[in-house]
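Inside the fold
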Amino acid sequence: MDPVPVRCLLNSISRYLHLVACQTIRYKPIQTCIGNVVHLLKLLKPFLDDVVDCKVPPDDCLNSACEDLDSVVNQAREFLEDWSPKMSKLFGVFHSELLLEKVQTCSLEISRILVQLSQSSPVTSSVQGVEVNLLQRCMQEIECFKQERTLSEHMKDTVPLDTDDLDSIIHMMGLISNQDLLKESIAVEKARIRSQTSKSKEKMEQMDQLIDLVSCIREHMLKTEFLEVAKGVSIPPYFRCPLSTELMLDPVIVASGQTFDRTSIKKWLDNGLDVCPRTRQVLTHQELIPNYTVKAMIASWLEENSIKLPANCDGGGDASSMANNMGSNDFNRTESFRFSLRSSSFTSRSSLETGNGFEKVKINVPASLCGESQCKDLENFELSSSGQSYTHSRSESVCSVVSSVDYVPSVTNETQSIQENHQSCSEMSPKKQNSESSSNVNHEYSECSSHTMKLVQDLKDGSSKEKTAAAAEIRQLTINNVENRVQIGRCGAITPLLSLLYSEEELTQEHAVTALLNLSISEVNKAMIAEAGATEPLVHVLNTGNDRAKENSAATLFSLSVLQVNRERIGQSNAAIQALVNLLGKGTFRGKKDAASALFNLSITHENKARIVQAKAVKYLVELLDPELEMVDKAVALLANLSAVGEGRQAIVREGGIPLLVETVDSGSQRGKENAASVLLQLCLNSPKFCTLVLQEGAIPPLVALSQSGTQRAKEKAQQLLSHFRNQRDARMKKGRS
């Protein structure tokens, strides 16, 4: 009997490592946590592989521990998929640190159980073939693992935190400028609002802690950081905005009675936040009443110190713009922090965002393979605003805006020797990852090694057991090694792996499809896999495989469909689109996500839009607009593409999509609101009947709000819709008068 929980855990670890290899988070504290999670999982994984290879009856304690770690690894994967540069840094770091702690705890428990099993009965142990001393060294490595003082440790300290703790947190988070602090304050508050929907008491308490921490940081900066508007003249704390900590050029009073700078509090309110940043009171209205008294006091203070504001800063703008206008000699920043922003010991913001302990590999899709209009469609699916260029998750589109990053965490010499001794001597040693493109592959690893040829030969002519083992090893070798992907792809592994997708052995099929998924990350392999006729066998897996195989088959189609030529080839197979739609409707949560991602890529090609609609995808997409299903953004992004064709618009209305789209405009994410407005615009511009239905659902109030506070694209869509409504009304009135 196979140890199913161990297999599930191994699959989750592989998927997490694959996602890490594809994501491009540039924020160093989170990068560090990701690297540490990868480090711990890679320590444990070889021993779990041995447990599976022995195929012995499962141990209840081991199964339970593996289920716990599997849950944590899946949480870590979801965190990576949901990460966005606009998210709160404090929340991101705090959450990733908690996940790291859980991974360490669970990994330690599993290693202890494995050691006990290996010592209790060496002959019948469920870890036959695993040397006890290697296990013990692995356990010691996990147990002794300790990262530097973390944000979560700071937050466990007595509140309020002392000055050194606050300085350390500001340093750690890279909250260097006043605008950084303002953005973080807004992001944390938005995260708190999102946490309320989870109904998790623990999560809400954590968010309250973070809110309190941000308030402490703001108060700390007001007391200890000094902004000089002239040499030797610092701004008094009471003339600085409690939200941005900058000089209040246009002080206004909000409903709570607190005074803020107009620019800062307007940014707060425009993000849909309705509580006072300082008192936490709910604001009964959003009127901003000028505080003429404070404004006069600031003007008097400026006059007394012979400080003149530029004309365009009078009564508007912010201190940052004032600084730019006055020049660096007139507006200096000094601090009483125990660290200095100007000292060489302090890491700059740019280095915090780009420097890391990982090696990077960038794989860019040539512009010729992704037309301008298609890349814009991809961007709508991926990004919450046109100014961003980050990968939302593995399951998002990876056109020219995406880089694939291989993370190679730093390990101690001892750990490295453990892994090298434990791994087969035939396995390739990790090398420094180099940038890869279809036209520039290092000749050093383009030649086939004898071991690679042996693996390919086993895939072709080996016994059933040898084929499974070869597919499993290729899957392992290609998880996060670019050189291995290219070499194995060039040495002829693709065709026999595709043949194994028809295997009646579920495990063989799963290994083969996952190996192909890993290989498809390489741009060199994408075309080769598609040209080898991958569509039909991948569809076979979608129709017959286990859940994990189906998920990875959909993910492979998504990866292949990055290229325009592959989108056309896959789209011509109606069976592929139908199988993806079936997974979208009836698959696991992970499967639904992968199917939505693949279908989105396919829908960029115009001919595929109608095919996807005809496969009844719209029915499932409308169902997925339910916020509780946590797939609104993916569903509405795909609907935005499908609404470009008449069949798509008809299906959206027929399936009852309008009320849910209006609800998304009202309460969805920024990206969701933008795409929902795009769908509604397509409906209204192409049918007066649909326009009437949209109006009947009460679309005007949320569209008015979106036209004022959404992303730039969302504002444009909302304004076009509102203008269209006015034109329709004027036309009816004119017709009535005549």
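The numbers attached to residues start from 1 for each chain and follow its sequence in the written order. Totals for whole chains, interfaces and linings use every residue, but because this is a predicted model, local features are given only for residues with pLDDT of at least 70 and side-chain atom pairs only at 80 or more, for both listing and counting. Water and hydrogen atoms play no part in the side-chain values, which are based on all heavy atoms of the structure.

Test applied: UniProt positions are given in the numbering used here, feature names are shortened, and annotations may be inferred rather than shown by experiment.
If you look the protein up in an unreviewed UniProt entry, it shows as RING-type E3 ubiquitin transferase from Brassica campestris. Per its UniProt entry, the protein bears the Catalytic activity (unreviewed entry) comment "S-ubiquitinyl-[E2 ubiquitin-conjugating enzyme]-L-cysteine + [acceptor protein]-L-lysine = [E2 ubiquitin-conjugating enzyme]-L-cysteine + N(6)-ubiquitinyl-[acceptor protein]-L-lysine." Under the heading Function (unreviewed entry), UniProt records this for the protein: "Functions as an E3 ubiquitin ligase."

Digging into the overall build of the protein
Short version of the rule: Here a strand is any run of E in DSSP of at least two residues, a helix any run of H or I of at least four, and the numbering for each starts at the N terminus. Under the scheme applied here, a residue whose accessible area is under 20% of the maximum for its type counts as buried, over 50% as exposed, and between as partly exposed, the area being computed with a 1.4 Å probe on protein chains only. Residues are treated as being in contact if the distance between any of their heavy atoms lies within 4.5 Å. Each accessible area is a Shrake-Rupley estimate made with a 1.4 Å probe; only the visible protein chains count as cover when residues are assessed.
Each helix and strand in the protein was counted, giving 36 helices and 6 strands. Each of the 738 residues in the protein was classed as buried or not, and the buried ones make up 56%. For the protein, contacts bridging at least 24 residues in sequence account for 73% of all contacts bridging at least 6. Only carbon and sulfur atoms are counted for the fraction: they give 49% of the accessible area of the protein, which is about 31200 Å².

Some words on the environment of V93
Secondary-structure assignment places V93 in helix α4 (residues 89–120). Judged by relative accessible area, which is 1%, V93 ranks as buried.

Some remarks on a nonpolar patch on the surface
As a reminder, the rule being used: Here the term patch refers to residues with relative accessible area over 30% and no salt bridge, with like charges joined within 9 Å and nonpolar side chains (Val, Leu, Ile, Met, Phe, Trp, Tyr) within 5 Å. For this document, the term salt bridge refers to a Lys or Arg side-chain nitrogen within 4 Å of an Asp or Glu carboxyl oxygen.
A grouping of L695, I700 and V704 is seen on the molecular surface, where their side chains present a nonpolar patch of about 190 Å² in accessible area. Looking at the secondary structure, you find L695 in helix α34 (residues 688–696).

Some remarks on the nonpolar core
Within soluble globular proteins, side chains that are nonpolar generally end up buried alongside one another. Definition in use: The definition of a nonpolar core used throughout is a set of buried Ala, Val, Leu, Ile, Met, Phe, Trp, Tyr and Cys residues joined through side-chain atoms within 4.5 Å.
Of all hydrophobic cores here, the largest spans 89 residues; its most connected members are L497, L580, L661 and L683. Sort the elements by how many residues they give to this core and helix α30 (residues 632–642) lands first, with 8 residues.

Here's the deal with helix α26 (residues 574–586)
Each α-helix turn comprises 3.6 residues. Residues three or four places apart therefore point the same way. Convention followed: Expected span of a helix: the number of residues minus one, times 1.5 Å.
In a regular helix each residue adds 1.5 Å, so 13 residues correspond to 18 Å; α26 covers 18 Å between its end C-alpha atoms and thus fits that length. Among all positions of α26, only A576, I577, A579, L580, V581, L583, L584 and G585 are buried. Considering only its buried residues, α26 is in contact with α23 (535–544), α24 (547–560), α25 (564–571), α27 (589–603), α28 (606–614) and α29 (617–623).

Overview of the sheet that holds strand β3 (residues 251–253)
Short version of the rule: Pairing between strands is defined by DSSP: at least two bridges between the two strands are required.
Reading across from one edge, β4-β3-β5 is the order of the 3 strands in this open sheet, with antiparallel pairing throughout. This sheet does not close on itself; its edge strands, each paired only once, are β4 (259–261) and β5 (289–290). With 2 bridges connecting them, β3 and β5 associate as antiparallel partners. Note on β5: the bridge partner recorded for I253 is I289.

Remarks on the environment of A65
Looking at where A65 falls in the secondary structure, it is placed in helix α3 (residues 60–82). For A65, a relative accessible area of 8% puts it in the buried group. For the pair A65 and P5, spaced 60 residues apart in the sequence, the C-alpha separation amounts to 8.9 Å. With near-sequence residues (within four places) excluded, A65 lies in contact with E109, I110 and I113.

Considerations on the packing of aromatic side chains
Put simply, the rule reads: Pairing of aromatic rings covers Phe, Tyr and Trp, the last through its six-membered ring, and needs centres within 6.5 Å; plane angles under 30 degrees mean stacked, over 60 mean edge-to-face, and all others mean tilted.
Across all of its chains, the model carries 1 aromatic pair by this definition. A centroid spacing of 6.0 Å and a plane angle of 65 degrees characterise the contact between F239 and W301, whose relative ring orientation is edge-to-face. Residue F239 is located in the loop between β2 (233–234) and β3, and its partner W301 is located in helix α11 (residues 292–304); the two are separated by 62 residues in the primary sequence.

Things to note about helix α32 (residues 657–667)
For clarity, the cut-off: When we speak of the arc, we mean the arc of directions from the helix axis to the C-beta atoms.
Listed as buried for α32 are G657, I658, L661, V662, T664 and V665. Mapping the buried residues of α32 onto a view down its axis gives an arc of 155 degrees, with all of them on the same face. In this structure, α32 carries D666 and S667 as exposed residues pointing more than 90 degrees from its buried face. Where α32 is buried, its residues meet α29, α30, α31 (646–654), α33 (670–686), α34 and α35 (700–709).

Focus on the side chain of R240
So the rule is basically this: Nitrogen and oxygen atoms within 3.5 Å of one another constitute a polar contact, given that in protein one can donate a hydrogen and the other can accept it, and given that sequence-neighbouring residues count only through two side-chain atoms.
Along the chain, R240 falls in the loop between β2 and β3. Judged by its relative accessible area of 2%, R240 falls in the buried class. A polar side-chain atom of R240 sits 2.7 Å from the main-chain carbonyl oxygen of T245.

Topic: the packing of α26 against α28
Condition: Lines are fitted to the C-alpha atoms to define the axes, a helix being fitted only along its stretch in contact, and any angle between axes, read from their N-to-C directions, falls within 0 to 180 degrees. If an angle is under 35 degrees, it is roughly parallel; if it is over 145, roughly antiparallel; if it lies from 65 to 115, roughly perpendicular; otherwise it is oblique. Two helices cross in a left-handed way if the nearer one is turned anticlockwise from the farther one by less than a right angle. They cross in a right-handed way if the turn is clockwise.
In contact at an axis separation of 9 Å, α26 and α28 are set at 55 degrees when each is read in the N-to-C sense. It follows from the interaxial angle that α26 and α28 lie oblique. Crossing of α26 against α28: the hand is right-handed. Here N574, I577 and V581 of α26 lie close against α28, whose contacting residues are N608, R611 and I612.

Topic: the packing of α24 against α27
The line we're drawing: Side-chain classes are defined by residue name, with Ala, Val, Leu, Ile, Met, Phe, Trp, Tyr, Cys and Pro counting as nonpolar, Asp, Glu, Lys and Arg as charged, and the others, Gly among them, as polar.
Their axes nearest at 8 Å, the elements α24 and α27 cross at an angle of 20 degrees. When the axis of α24 is compared with that of α27, the two are roughly parallel. Considering how the two elements wind past one another, α24 and α27 form a crossing that is left-handed. Residues E551, A554, A555, L557 and F558 of α24 touch α27, and the partners they reach there are R590, G591, D594, A595, S597, A598 and N601. In terms of residue class, the contact of α24 with α27 is built from 6 nonpolar, 3 polar and 3 charged.

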